[in-house]
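Topology and contacts: notes
What follows is the residue order along each chain.
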Amino acid sequence: MSYDLAFTLRPGAQPPAVAALKEWLAARPGWRVFDGHATYFNEATGTDCMVYLREPGADDPPGRAPIQLTIAGHGPHTLGIEVGEEVQALVEAFDLLVDDPQLDGMGKGEFTTAGFLGGYGAFNRLAHRTALMLDQRPRALGREKLEAAWRWNRGRDRL
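Notes on the structure follow. (Residues numbered from 1 in each chain as written. Predicted model: local features only at pLDDT ≥ 70, side-chain atom pairs only at ≥ 80, totals over all residues. Heavy atoms only, no water.)

Points about the pattern of salt bridges
- Taken as a whole, this structure holds six salt bridges when the rule is applied.
- Across the pair E85 and R154 runs a salt bridge whose closest N-O atoms are separated by 2.3 Å. Remark: R154 occurs in helix α4 (residues 143-155) and E85 occurs in helix α2 (residues 77-94); sequence separation between them is 69 residues.
- One salt-bridge network, held together by shared partners, links R10, D95 and E110. (Salt bridge = Lys/Arg side-chain N within 4 Å of Asp/Glu carboxyl O. Helix = DSSP H or I, 4+ residues; strand = E, 2+ residues; numbered from the N terminus.)

Digging into empty space enclosed by the protein
- One pass over the structure, following the stated rule, counts one cavity of 30 Å³ or more.
- As a volume, the largest cavity reaches approximately 80 Å³.
- If you go around the largest cavity, the residues you meet are F7, W24, L25, R28, W31, V51, I67, L69, E86, V87 and L90.
- Ranked by the residues each element gives to the lining of the largest cavity, the list is headed by α2, at three residues.
- Classifying every residue of the lining of the largest cavity by side-chain character gives nine nonpolar, no polar and two charged. (1 Å grid on protein atoms, 1.4 Å probe; cavity = no way out; pocket = protein on both sides within 12 Å on 5 of 7 lines; lining within 4 Å. Points joined across faces, edges and corners; volume = space filled by probe spheres on them. Nonpolar A, V, L, I, M, F, W, Y, C, P; charged D, E, K, R; others polar.)

Description of the environment of A17
- Within the secondary structure, A17 sits in the loop between β1 (2-8) and α1 (18-26).
- You can call A17 partly exposed: its relative accessible area is 43%.
- Here the alpha-carbon distance between A17 and P56, two residues 39 residues apart in the chain, equals 9.0 Å. (Buried < 20%, exposed > 50% of the residue type's maximum accessible area, 1.4 Å probe, protein only.)

Let's talk about the side chain of T47
- Locating T47 in the fold gives a position in strand β4 (residues 47-53).
- Here T47 is in contact with Y40, F41, N42, L79, E82, V83 and W150, once residues within four sequence places are set aside. (Contact = heavy atoms within 4.5 Å.)

Quick notes on the nonpolar core
- Among the nonpolar cores identified, the biggest contains 33 residues, and L5, F7, I67, L69, I71, L96 and F116 are the most heavily contacted of them.
- Sorting the residues of this core by element identifies β1, α1, β3 (37-42), β4, β5 (64-72), α2 and α3 (113-133) as the ones contributing at least two each.
- The biggest single contributor to this core is α2, with seven residues.
- Not counting chain neighbours up to four residues away, the residues in contact with F116 comprise Y3, L5, L69, I71, G80, V83, G84, M106 and F111. (Core = buried A, V, L, I, M, F, W, Y, C linked by side-chain atoms within 4.5 Å.)

Overview of the sheet that holds β4
- Across the sheet, seven strands lie side by side as β2-β3-β4-β5-β1-β6-β7; this open sheet has antiparallel pairing. Single-partner strands in this sheet number two, and they are β2 (31-33) and β7 (107-109). For this sheet, the mean angle separating the axes of adjacent strands, direction not counted, is 20°.
- Looking at chain direction, strand β6 (residues 97-100) and β7 are connected through three bridges and run antiparallel. Looking at β7, one finds that V98 is bridged to G109.
- Those strands touched by α1 are β2, β3, β4 and β5, and its axis lies near 165° from that of β4. (Pairing = 2+ DSSP bridges. Axes fitted to C-alpha atoms, helices over the stretch in contact; angles between N-to-C directions.)

Written as structure tokens, this is what we have:
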């Protein structure tokens, strides 16, 4: 079970070069770039995600950018906050739109933090319920305590 977010182009826009996407990601903290993908991992918070990168092909849907985000499995709500900031930076840097087909997702169009958090939140609740049904007990901590710990861990290097 994963949360997948595709990136699309504005009408008439050319897709960003995969090399430019790789260069941009490599310059950002937490990102490691490989041949066909890049991973984000913040050691302080445990937040992680992956993007797939591939050269545009003839079989691609029209207007599709050569990058797609995947968040695997369920996690704390803070994962959505942190990954949402990375997505916001990406869509601003390359002037991209999104295609978010998840239940309660943003649909097709402009990226919004609130829309992303709504879609990720709906996915995450379903993933947690599924894990509970399969008797895979997720670790539980109150939302406020979890977010306070995440903020502390995220800012610890500045301290």
